[in-house]
Amino acid sequence: MGGSTGAMSTTTTPGGQTDSELACPVSPVVDIVFSRWTTPILWTLHEFGRQRFVALQRTIGTITPKVLTQRLRQMERDGLVVRTYHPEVPPRVEYEISELGRSLAPIFAHLADWSTENLRKVERARREFDEAGDQTAVLR
């Protein structure tokens, strides 16, 4: 029923949920959608439509071909991206966001709104925290 690795153990319920999923039911979604490159890939495909690999890489900018390939395969497996192979000479492959991936658009819109409203506050809080930390270090 449960497995353990080292000092930490995870219990799985009969329904297949782990302790961490029960504690935070959105964790599996966060792991899928908000991994390092998934969000920029989904945003790019949603914003610009169907893309060939090179165009997608160029639009994202800083992603390596290896990482883009890995993320696209995982996203295709997760049902977020559709890969279309065109048997031409030379072969052409295109990627587009799936309906499932498109269903995330409202979540991204809310996050963009939150970002616009709150990122300056986060930056200010970080600055204040860091400055307070500097003062605390002087007192030691």
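A brief structural summary. (Residues numbered from 1 in each chain as written. Predicted model: local features only at pLDDT ≥ 70, side-chain atom pairs only at ≥ 80, totals over all residues. Heavy atoms only, no water.)

### Remarks on the nonpolar core
To be explicit about the condition: Within this scheme, the nonpolar core is defined by two criteria: the residues are buried Ala, Val, Leu, Ile, Met, Phe, Trp, Tyr or Cys, and they are joined through side-chain atoms within 4.5 Å. Think of it in three bands: residues with accessible area under 20% of the maximum for their type are buried, residues over 50% are exposed, and the middle band is partly exposed, with areas taken using a 1.4 Å probe on protein chains only. Any two residues whose heavy atoms approach within 4.5 Å are treated as being in contact.
One finds Ile-41 and Leu-42 to be the most contacted residues of the largest nonpolar core, which totals 17 residues. Leu-42 has contacts with Met-75, Leu-80, Val-81, Ile-97, Leu-104 and Phe-108, leaving out every residue within four places of it along the chain.

### Section: the sheet that holds strand β3 (residues 51–52)
Condition: When DSSP finds two or more bridges between two strands, those strands count as paired. Each helix corresponds to a stretch of at least 4 residues labelled H or I by DSSP, and each strand to a stretch of at least 2 residues labelled E; elements are numbered beginning at the N terminus.
Within the open sheet, the three strands sit side by side as β3-β5-β4. Their pairing is antiparallel. Taken across any chain shown, the strands that pair with only one partner, and hence form the sheet edges, are β3 and β4 (81–86). Bridge count for β3 against strand β5 (residues 92–97) is two bridges, and the pairing is antiparallel. Residue pairing across strands places Arg-52 opposite Glu-94, the latter belonging to β5.

### Some words on the environment of Phe-48
Examined against the element boundaries, Phe-48 turns out to sit in helix α3 (residues 38–48). With 48 residues separating them along the chain, Phe-48 and Glu-96 place their C-alpha atoms 9.3 Å apart. Among all residues touching Phe-48, those that are not within four sequence positions of it are Trp-43 and Thr-59.

### What to know about unusual backbone geometry
Omega for the peptide link from Val-89 to Pro-90 comes to -5°, which places this bond in the cis form. Turning to its location among the elements, Pro-90 is positioned in the loop between β4 and β5.

### Points about a nonpolar patch on the surface
Defined as follows: Patch building starts from residues that exceed 30% relative accessible area and form no salt bridge, then joins like charges within 9 Å and nonpolar side chains (Val, Leu, Ile, Met, Phe, Trp, Tyr) within 5 Å. Computed by Shrake-Rupley with a 1.4 Å probe, the accessible areas treat only the displayed protein chains as cover when residues are assessed. When a carboxyl oxygen of Asp or Glu is within 4 Å of a side-chain nitrogen of Lys or Arg, the pair counts as a salt bridge.
Taken together, the side chains of Val-26, Val-29, Val-30, Phe-34, Ile-107 and Leu-111 present a nonpolar region at the surface, about 470 Å² in accessible area. Elements with a contribution of two residues or more to the nonpolar patch: α2 (27–33) and α7 (105–139). In this fold, Leu-111 is placed in helix α7. Residue class for Leu-111 comes out partly exposed when judged on its relative accessible area of 40%.

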